[in-house]
Amino acid sequence: MEGKNKHIVILGAGESGVGAAILAKKQEWNVFVSDAGKIKADYKTELDNNQIEWEENTHSTDRIFQAELIVKSPGIPETTDLMRALRNKQVKIISEIEFAGYYTRGKSICVTGSNGKTTTTMLTHHILKKAGWDVGLAGNVGKSFAKQVAEGDHDWYVLELSSFQLDDMFDFKADIGILTNITPDHLDRYENQMQKYVDSKFRILNNQNHEDWFIYNYDDPIIREELSKRKLSMNLAPFSLKEEIKVGAYAVNNQLIINIKDQLTMSIHELALKGKHNTQNSLAAGIAARIVEIRKSIVRESLEDFENVEHRLEFVAKVNGIEFINDSKATNINSTWYALETMENPVVWVMGGVDKGNDYSELSNLVKDKVKAIICLGIDNQKIIKAFGHLVETIVEAGSATEAVAYAYRLAKKNETVLLSPACASFDLFENYEDRGNQFKQAVRKL
């Protein structure tokens, strides 16, 4: 896209916004960055070093309305006054991913889904990197896609995409799209309409043609139903834990079988990541790697030696026989369901925070079977107490990570597990899920 001397406004000066600003400047746009909140010091320095004009704690609407193109942070809801005014004015609004897509020469493997997308993205990137490829990691993980394009570009990118990023993508095309699963999440941003959220996830298929691939969870009824409504031209490669798949991958009798080009098999016990959901993530990443013809030995080795991301079922420490696990990244019911499902010892469960319209009944059976006590780590815990009060003997409320860990240490016994898996967002007591996880880990290490 020709940007010379045209006005572009970047809304939000986080990792993606600053990256988009740097790329826009390189492409000779007139760049203005506006953030309604405070901009982190490092990002200010970066903007200043690139001679990019910025403002914080406000949006100067007169300047913003001059824009011929707007790149919006995925965190800004459509319901804000500014967004409503811009939509009425019909200014073109895109995501950082779409903007970077205008200028990259690289091909992309794009991962979305309600859960498992970070692990699948990191795992796919790990395989390509191990094969010696020139590959960037971006989207919701790694460094800004736009910034990587500005600073040298890569042959390939593995991108983790949220529904909010996909909503503002139009011309971008995933060479390989991966959809891990769809469960109700962020429905507050989709007028509480599940179909709108599903449509958003399916934007991963935008512009794909017969040369491209779509990898998806065959066991997910919502995905299967949605696919039956659509006419698709791309190649399909499903994965399943229940049925044999001719083109794609499946796991049966503790064997992993990937049928792309020729067959790759390995034992589930060799996988670095444990639990059913991680078997699905491994199948998805394995399919993508075989589509781009990475050698079977490298795929197998990568799936065996991968180290999981921080704050996702991360082992913290064992203190007097009590295991502490940090799963702070579990910000919805489904993620926590997976975490509880993988637990083998009795659990003291630390959970709670900002509820996104959660239906806790989905966790009832697992809580009954595995959880001996619950520690609420949030400001308003009434809904949690109501949902689980009759299922566990002990529910206590903690106002900080330190207090939660102290309670947990008293309540858990040897050969039991303390699991931080909140099923909620973190914004009431913490900056974000990383801050929550880090405070939890610090408190455990002080025991």
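Whatever comes next refers back to the structure up there.
Everything numeric here is computed off the predicted structure, so don't read it as measured data.

A. Geometry of the pairing of strand β2 (residues 30-34). Counting buried positions along β2 gives 4 out of 5 residues, so the element sits mostly inside the fold. One ladder, built from 5 bridges, connects strand β1 (residues 7-11) with β2; its direction is parallel. Bridged to His7 within β2 is Asn30. Considered for its hand, the β-α-β crossover made up of β1, helix α1 (residues 15-26) and β2 is right-handed. Pairing of β2 with strand β3 (residues 53-55) involves 3 bridges; the strand directions are parallel. Among the inter-strand pairings, Val33 is bridged to a residue of β3, identified as Trp54.

B. The arrangement of the packing of aromatic side chains in detail. Considering all chains together, one arrives at 12 aromatic pairs under this definition. Taken together, a centroid distance of 6.2 Å and an interplanar angle of 75° make the contact between Phe99 and Tyr102 edge-to-face. On the criterion of helical spacing, the pair formed by Phe99 and Tyr102 is a turn pair, its members being 3 residues apart in helix α5 (residues 96-103). Under the relative-accessibility criterion, Phe99 is labelled buried at 0%. Between Phe99 and Tyr103 the ring centres are 5.4 Å apart and the planes differ by 75°, which places this aromatic pair in the edge-to-face class. Here Phe99 and its partner Tyr103 are both found in helix α5, 4 residues apart, which amounts to about one turn of the helix. An aromatic cluster is built from Trp29, Phe99, Tyr102 and Tyr103, whose rings are joined through pairwise contacts. Against the face of Phe32 rests Arg63, its NZ or CZ located 4.0 Å from the ring centre. Above the plane of the ring of Tyr218 lies Arg224, whose end atom (NZ or CZ) is 3.9 Å from the centre.

C. A look at the nonpolar core. Residues Ile8, Val31, Phe99, Phe145, Leu159, Phe202 and Phe214 are the most contacted members of the largest nonpolar core, which totals 52 residues. Ranked by residue count, the leading element in this core is α1, at 6 residues. Ignoring any residue separated from it by four or fewer positions in sequence, one finds Phe202 in contact with Leu179, Ile182, Phe214, Ile223, Glu226, Leu227 and Arg230. Within the second largest apolar cluster, 36 residues are counted, among which are Ile176, Ala251, Ile260 and Leu303.

D. Spotlight on the pattern of salt bridges. Here the structure, examined in full by the defined rule, presents 23 salt bridges. A salt bridge links Lys147 to Glu46; the nearest nitrogen and oxygen atoms lie 2.6 Å apart. On the criterion of sequence distance, the pair formed by Lys147 in helix α7 (residues 145-150) and Glu46 in helix α2 (residues 41-49) is long-range, its members being 101 residues apart. Overall, Lys147 belongs to the buried group, its relative accessible area being 17%. For Lys276, the salt bridge goes to Glu341, with nearest N and O atoms at 3.7 Å. You can see Lys276 sitting in helix α11 (residues 276-291) and its partner Glu341 sitting in helix α13 (residues 333-342), a full 65 residues away along the chain. By relative accessible area, which is 53% here, Lys276 ends up exposed. Taken together, the shared-partner salt bridges connect Lys72, Glu78, Arg87 and Asp168 into one network.

E. Spatial organisation of the side chain of Ser335. Checked against the element boundaries, Ser335 lands in helix α13. If sequence neighbours within four positions are ignored, Ser335 has contacts with Asn115, Arg312, Asp327 and Ala330.

F. Up close: empty space enclosed by the protein. Enumeration over the complete set of coordinates arrives at 2 cavities of 30 Å³ or more. Taken as a whole, the largest cavity holds about 100 Å³ of empty space. The wall of the largest cavity is formed by Asn115, Gly116, Thr119, His277, Asn278, Asn281, Arg312, Leu313, Asp327, Ser335, Tyr338 and Ala339. Mapped by element, the contributors of at least two residues to the lining of the largest cavity are α11 and α13.

G. Structural view of the sheet that holds strand β18 (residues 371-377). Taken together, the 6 strands give an open sheet; going across it, the order is β15-β16-β20-β17-β18-β19, and neighbouring strands pair in mixed fashion. Edge positions in the open sheet fall to β15 (314-319) and β19 (394-398), since each of these has one partner strand only. Sheet twist, expressed as the mean angle between neighbouring strand axes with direction ignored, is 20°. As judged from the 5 bridges shared by β15 and strand β16 (residues 322-326), these two strands associate in the antiparallel manner. Residue pairing across strands places Phe315 opposite Ile325, the latter belonging to β16. With respect to the sheet, α13 is in contact with β17 (347-351), β18 and β20 (417-420), its orientation differing from that of β17 by roughly 165°.

How each quantity is defined
Numbering of residues begins from 1 in every chain and follows the order in which that chain's sequence is written. Residues qualify for local features only when their pLDDT is at least 70, as the model is predicted, and side-chain atom pairs are given and counted only at 80 or more; totals for whole chains, interfaces and linings, by contrast, use all residues. Computation of side-chain values: all heavy atoms of the structure, hydrogens and water removed. Relative accessibility under 20% of the residue-type maximum defines a buried residue, over 50% an exposed one, and the middle range a partly exposed one, all with a 1.4 Å probe and only protein chains included. Numbered from the N terminus, helices here are DSSP runs of H or I no shorter than four residues, and strands are runs of E no shorter than two. For two strands to count as paired, DSSP must find a minimum of two bridges between them. We call a crossover right-handed when, viewed with the strands running away from us, the connection from the first strand over the helix to the second turns clockwise. Aromatic rings from Phe, Tyr and Trp, taking only the six-membered ring of Trp, are treated as a pair when their centres fall within 6.5 Å; an angle between ring planes under 30 degrees marks them as stacked, one over 60 as edge-to-face, and anything in between as tilted. Geometrically, a charge over a ring is one whose NZ (Lys) or CZ (Arg) sits within 6 Å of the ring centre while staying within 35 degrees of the ring normal. Put simply, a nonpolar core is a bunch of buried Ala, Val, Leu, Ile, Met, Phe, Trp, Tyr and Cys residues held in one set by side-chain atoms that sit within 4.5 Å of each other. The contact criterion used is simple: two residues touch if any of their non-hydrogen atoms lie within 4.5 Å. Put simply, a salt bridge is a Lys or Arg side-chain nitrogen that is within 4 Å of an Asp or Glu carboxyl oxygen. A pocket here means an open set of points on a 1 Å grid, computed over the protein atoms alone, that has protein on both sides within 12 Å along at least five of seven lines. A cavity is instead a set of points where a 1.4 Å probe fits but cannot get out; residues with an atom within 4 Å of a point line either one. Grid points are joined across faces, edges and corners, and a volume is the space filled by probe spheres set on the points. For every element, the axis is a line fit to its C-alpha atoms; helices are fit only across the contacting stretch, and the angle between N-to-C directions ranges from 0 to 180 degrees.

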